[in-house]
Every structure is written in structure tokens, then in C-alpha cells.
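Okay, here's what each chain looks like letter by letter:
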Amino acid sequence: MSESIDYNNPYCNYRSPLSTRYASKEMQYNFSDQKKFSTWRRLWINLAKAEKELGLDINDAQIAEMEKNVNTINFEECAEEEKLTRHDVMAHVHVFAKQCPLAAPIIHLGATSCFVGDNTDLIVIKEGLELLLPRVAGVIQNLARFAEQYKSLPTLGFTHLQPAQLTTVGKRATLWLFDFLLDEEELRQIKDKLRFRGAKGTTGTQASFLQLFDGDAAKVRKLDNRVAELSGFAKSYPVTGQTYTRKIDLQVVGALSHLGASIHKMCSDLRLLANMKEIEEPFEKTQIGSSAMPYKRNPMRSERCCALARHLISLHSNAANTHAVQWLERTLDDSANKRLTMPEAFLSADAALMVLENITQGLVVYPKVIERRIMQELPFMSAENIIMAMVKKGGDRQICHEKIRVLSQQAGAQVKEHGKDNDFLDRVKADDYFKPIFGDLDEILKPATYIGRASEQVTEFLQEEVAPILQMYKTQLKEAKTITLNI
């Protein structure tokens, strides 16, 4: 017996987890139909205002009528109209014209579909970046505080995921932090350099507007600039085809994918550190780590960040391929792709940053675990310092080196072959050859001796590089609230 399905039930339709589970309401609204189509109407108003200023027969009553109906969109009627016209822009022109009978003759005057489509996309991109940048700054601020707090706490460094020289917990955090500084700079520069498509006509030649203004090229140029200005942009792109170049989309998605790489790198590191029980992300009192293993404290937030970031990274190739196939003045195979790629890039970045803000607000450090791991490896790392101390006491470097080599190999065998603790120092203390430095061993083995300028580097970096960036977001960060998640 076939199952009866109510396709009008919203739970019987595909719903993006980016809207139902992950992204913020603000970013969702930025890519909503309400935002898109009300922006189309504002663009038609801005075009009419500019055309009126430059002498076309448009009156204040027509503009006022359009302004009154900016947000009162009958989406069902627009959908029915689009079924008839097979053209989304003309469907909205017709419905808007019915609502504004006085303004009907001048709505969309001289414009092409890309006047509303592309200019709206640029507005949405700009405002999307304005939503993301304070979130990036929030992560930077949280990491800066963390780096400052733990700038002098020694920890075992790793290269090739093998034990290396010591660093500090705070210094390691600056590596993540610097990546996000680069992301903030790139996203901010793209936002600041973003321009408007403006009033360019069907193939970018402004022929229709030149006809409207009886061949007055100066007025056409003023129209282009004025529409951009009314829409919140200082400049419009000097040349376009039917669309603004999709290189802009590629730059935007590229910068977002770079951000995704930074998020993935940091959260992968946190997952490794959680495995070593050195650092953990926040874990709620009632949170369940595993349905089968109650003792587990899985790094679920970091895993979610990695999942979202990986999707974000993958979108870069999509934007690159779309730009690459825009033949001549444009082809329409960008449209459906952009409807997927651009919102998902912003929503994924937004969602990942929200989780990362939450993580960086409450990172938990376990100094005793960190110290124990250091002491498992530090004896080997201290070999050169022991040799130098013995030489200062009159010892022969070559003889000392050979003794250290033998003792370290023996200790290494205890660790690797028998699973025992590193007993290198016990072996040194048991050899009377090293008696001249027995009193110096505690000083030689202080972890702080092996961190170089890590603490000073953190201080200098935060003061010289991070503080000026955070100052730019002083108002937003002051108003920012603690990020809580239902995870």
C-alpha cells in the first residue's frame, strides 16, 4: 500500500541545515527572499530618483508610491506571475506595477534584469561581509586573551607531529591568531574595494540609458554614479558585460574559503590536543559525549567547525569554474550555481565562526598534563645543556657526548620497548661522571629555560599586530554577547 505524503508539510521538504540548525538569523535574513526582492524594489526606487534628478519625467508621487510598497511583497502572486512569464524579474516588475499604478510606467525604466539581480548580489555580499567581520574579530579577541593568559606556560612543541623543542601554550595560540588576522585583512579589503554594477544596460554599453537621455553621455555617467551612491557604494565598476565580472564572486568565496582553512587548521589542532588531554573545548555539565561511552568528552564543537569549514573550502573551486565559463558578455549558467554557492559560502562561514567564538570563549587548559608530557621528553632535550654545563666544569665535550648518547639510548629503550617512563635523568644522576653538575640539574631542567622568546613574542605580537585590529571593532566587540550554543 503506497504511503500518502503531504508535500505541503514543511517537514516533508528538504530544508538546509544551514538555515534550520547552524547559521545565524541575521545571515539567513541577508540571503532571504524578503531581503532580495525588497532590495530589487529599493533599486528601482533609486534608479527612478536618479533619473528624475537628471531630468526625466518622473514625479515625487510615483516615487512615494513605490517607497510605500517596498516591503509589501505578495510572494504567491509573484510565483504565479513567474509561471506565466518564465522570467523572475519581469514577474516582480508586473506585481510591483499593480501595487503602484502611478509608478508603473517608470518602474525598471531603461534597466535590464542584471540591474536588480547583480546590484542586489553586491549589496548582499557587502552586508554579509559586514556581518562576518565582527565575528572574526570576536575570535581574534578571544584568542588574544587566551594567548596573553598562557604566554609563559611551557608546552611540548611538535613538528611532523613528533616531539620537538618547547614552545608555550600562548605562543601556539598566536599561530592560530595570525591566520585569523590575515583573514580579517583580506575580507575587510574585499569589502572596502567592493563596487556597484550600477546602470550599465544589457551588454554593459549603457545604450538604453543613452537613448533615454537623448545621447547625453555625461548624464548617463552621472546616472551610473548616482545610483551607486544612493545604494551605498562610493563607486561602480568602470566596465561590465551584462553582469559584473564573476571574478568578484571568486575573490569573495576565495577569501571565505581561506577563512575556512584557518578554522579547520585550528580546530584540527584542538582535536589533537583534546586527544592528548592538554586542552579541551568547553563541555557543559549535562552534555553527553557518547551514547555508548558515558566517560567520553568528544570535541564536538571543533568537529562541527571542521565539517562546516571543509564544505566552505570546497566552494572555492565552484566559484573559480563559474567565472571561467562566463563566455563573452555573460552566460546564464552562473545563475543557478550562484544561488547555491554564494549563500552557502556565507552561511557556512557564519555558522563555523559562531561555534568558534563559543569555543574560544571557554578553552580549558590542563597544566599538569602538559607538564607531565614535557617531562617525558625534556630529559632528551636537555642533553646539549648538560654537555655545556659539564664543559664549563672542566669536562671533555667528546667524552661527555658519548656518555649522554649511551644513556639516552638506554632510556629510549625503556620507553619504547618496555613502556616505562623516561629514566634518562636517573641514569645521569647514577653516573659519578656527572657529579660536578648534580647541583645544577634542577635549573638545567626547568621548562622555562627552553622556550626562547616565546613569552616576549606573544606580548609584542598582541601589542603591535592584534591591538590595532581590535580597536577597529571596539564598538561591536563591546556590544557583543557571550555566544551560547545548543550542541
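Keep in mind it's a predicted model, so treat the numbers as computed, not measured. (Residues numbered from 1 in each chain as written. Predicted model: local features only at pLDDT ≥ 70, side-chain atom pairs only at ≥ 80, totals over all residues. Heavy atoms only, no water.)

K.L.:
I would appreciate a short explanation of helix α10 (residues 217–230) in the present structure.
P.N.:
Note: α-helices contain 3.6 residues per turn, so residues at a spacing of three or four share the same orientation. Over its 14 residues, α10 runs 20 Å from end to end, which matches the ideal 20 Å to within 8%, given 1.5 Å per residue. Those residues of α10 not exposed but buried are Val220, Leu223, Asp224, Val227 and Ala228. Considered in projection along α10, the buried side chains sweep an arc of 125° and stay on one side of the axis. Along α10, exposed side chains directed more than 90 degrees from the buried face belong to Arg221, Lys222 and Glu229. Tucked into the core, α10 has its buried residues touching α3 (33–53), α7 (113–149) and α9 (207–212). For α10, the N-terminal capping position is held by Asp216, with its side-chain oxygen 3.2 Å away from the main-chain nitrogen of Ala218. Positive backbone phi, at 95°, marks Gly232, one or two positions downstream of α10. (Helix = DSSP H or I, 4+ residues; strand = E, 2+ residues; numbered from the N terminus. Expected span 1.5 Å × (residues − 1). Buried < 20%, exposed > 50% of the residue type's maximum accessible area, 1.4 Å probe, protein only. Arc of directions from axis to C-beta. Contact = heavy atoms within 4.5 Å. Polar contact = N/O pair within 3.5 Å; in protein donor to acceptor, adjacent residues only side chain to side chain.)

K.L.:
Any chance you could explain unusual backbone geometry here in plain terms?
P.N.:
With the exception of glycine, most residues fall at negative phi, and the peptide bonds are largely trans. Backbone geometry at Leu161 places phi at a positive 60°, although glycine is not the residue there. With respect to the secondary-structure elements, Leu161 resides in the loop between β1 (154–159) and β2 (162–168). Despite not being glycine, Gln206 shows a phi value in the positive range, around 65°. Note on placement: Gln206 falls in the loop between α8 (169–193) and α9. For Gln206, a relative accessible area of 18% translates into the label buried.

K.L.:
Mind showing me how you'd approach a nonpolar patch on the surface here?
P.N.:
Where nonpolar side chains cluster on the molecular surface, the patch consists of Val325, Trp327 and Leu328 and spans about 400 Å² of accessible area. Accessibility expressed as a relative area gives 33% for Val325, which makes it partly exposed. (Patch = residues over 30% accessible without salt bridge, like charges linked within 9 Å, V, L, I, M, F, W, Y side chains within 5 Å. Areas by Shrake-Rupley, 256 points an atom, 1.4 Å probe, with all protein chains shown as cover. Salt bridge = Lys/Arg side-chain N within 4 Å of Asp/Glu carboxyl O.)

K.L.:
Explain the packing of aromatic side chains to me, please; I cannot follow it from the model alone.
P.N.:
The description of an aromatic ring pair uses the distance of the two centres, along with the angle that the planes make with each other. Counted under the stated rule, the structure contains nine aromatic pairs. Centroid distance Phe31 to Phe346: 5.5 Å. Interplanar angle 40°. Geometry classified as tilted. You can see Phe31 sitting in the loop between α2 (25–30) and α3 and its partner Phe346 sitting in helix α13 (residues 335–361), a full 315 residues away along the chain. By relative accessible area, Phe31 is classed as partly exposed at 23%. Phe346 gets classed as buried once you look at its relative accessible area, which sits at 0%. Among the aromatic residues, ring-to-ring pairing joins Phe37, Trp40, Trp44, Phe75 and Phe96 into one connected group. For the cation-ring pair, Lys126 lies above Phe233, with the distance from its terminal atom to the ring centre recorded as 4.6 Å. (Phe/Tyr/Trp six-rings, centres within 6.5 Å; stacked < 30°, edge-to-face > 60°. Lys NZ or Arg CZ within 6 Å of the ring centre and 35° of its normal.)

K.L.:
So what exactly am I meant to see when it comes to the environment of Ala336 here?
P.N.:
Within the fold, Ala336 resides in helix α13. Along the chain, Ala336 and Pro10 lie 326 residues apart, while their C-alpha atoms are 23 Å from each other.

K.L.:
Help me understand the confidence of the model for the protein chain, please; the structure alone is not making it clear to me.
P.N.:
Low-pLDDT portions of the prediction should not be read for the details of their coordinates. Of the residues in the protein chain, 95% reach a pLDDT of 70 or more, and the chain-wide mean stands at 90. Within the model, the stretch residues 290–295 combines pLDDT values under 50 with two contacts to residues more than four positions away or in other chains. (pLDDT = per-residue confidence, 0-100.)

K.L.:
How should the pairing of β1 be read in this particular structure?
P.N.:
For a regular strand, side chains alternate in direction, first toward one face of the sheet and then toward the other. Pairing analysis gives five bridges linking β1 to β2, with the strands arranged antiparallel. Residue pairing for β2: Pro154 is matched across the bridge by Thr168. Here β1 folds back onto β2, and the loop between the two strands holds two residues, one of which, His160, carries a positive phi near 60°. (Pairing = 2+ DSSP bridges.)

K.L.:
Looking at this structure, I do not really get the side chain of Asn30. What am I missing?
P.N.:
Considering the arrangement of structural elements, one finds Asn30 in helix α2. A distance of 2.6 Å separates polar atoms of two side chains, one belonging to Asn30 and the other to Lys35. Residues within four places of Asn30 in sequence aside, it is in contact with Lys35, Val124, Glu127, Gly128 and Leu131.

K.L.:
I keep staring at the pattern of salt bridges and nothing clicks. Help me out?
P.N.:
Where charged atoms from two side chains of opposite charge approach closely, those side chains can pair. Evaluated as defined, the whole model comprises 28 salt bridges. The salt bridge involving Asp88 is made with Arg339; its shortest N-O contact spans 3.4 Å. Remark: Arg339 occurs in helix α13 and Asp88 occurs in helix α6 (residues 88–99); sequence separation between them is 251 residues. With its nearest N and O atoms 2.6 Å apart, the salt bridge here joins Arg188 to Glu184.

K.L.:
I keep staring at the packing of α7 against helix α19 (residues 454–472) and nothing clicks. Help me out?
P.N.:
The relative placement of two packed helices comes down to the angle between their axes together with the axis-to-axis distance. One can describe the packing of α7 onto α19 by two numbers: an axis separation of 11 Å at closest approach and a directional angle of 160°. Judged by the inter-axis angle, α7 sits roughly antiparallel to α19. As for the relative orientation of α7 and α19, their crossing is left-handed in sense. Two secondary-structure elements touch here, α7 through Ala137, Ile140, Gln141, Ala144, Ala147 and Glu148 and α19 through Val458, Leu462, Val466 and Leu470. (Axes fitted to C-alpha atoms, helices over the stretch in contact; angles between N-to-C directions. Parallel < 35°, antiparallel > 145°, perpendicular 65-115°, else oblique. Left-handed = near helix turned anticlockwise from the far one by under 90°.)

K.L.:
Sorry if this is basic, but what is going on with α13 here?
P.N.:
Between its first and last C-alpha atoms α13 spans 39 Å; for 27 residues at 1.5 Å apiece the expected length is 39 Å, and the two agree. Counting buried positions along α13 gives 20 out of 27 residues, so the element sits mostly inside the fold.

K.L.:
Explain the state of the cysteines to me, please; I cannot follow it from the model alone.
P.N.:
Working definition: the covalent bond between the sulfur atoms of two cysteines is a disulfide. Under the counting rule described, the total for this entry stands at zero disulfides. Here Cys306 is not cross-linked by a disulfide; its sulfur's nearest cysteine counterpart is in Cys267, at 5.2 Å. Note on Cys306: relative accessible area 1%, which makes it buried. (Disulfide = S-S within 2.5 Å.)

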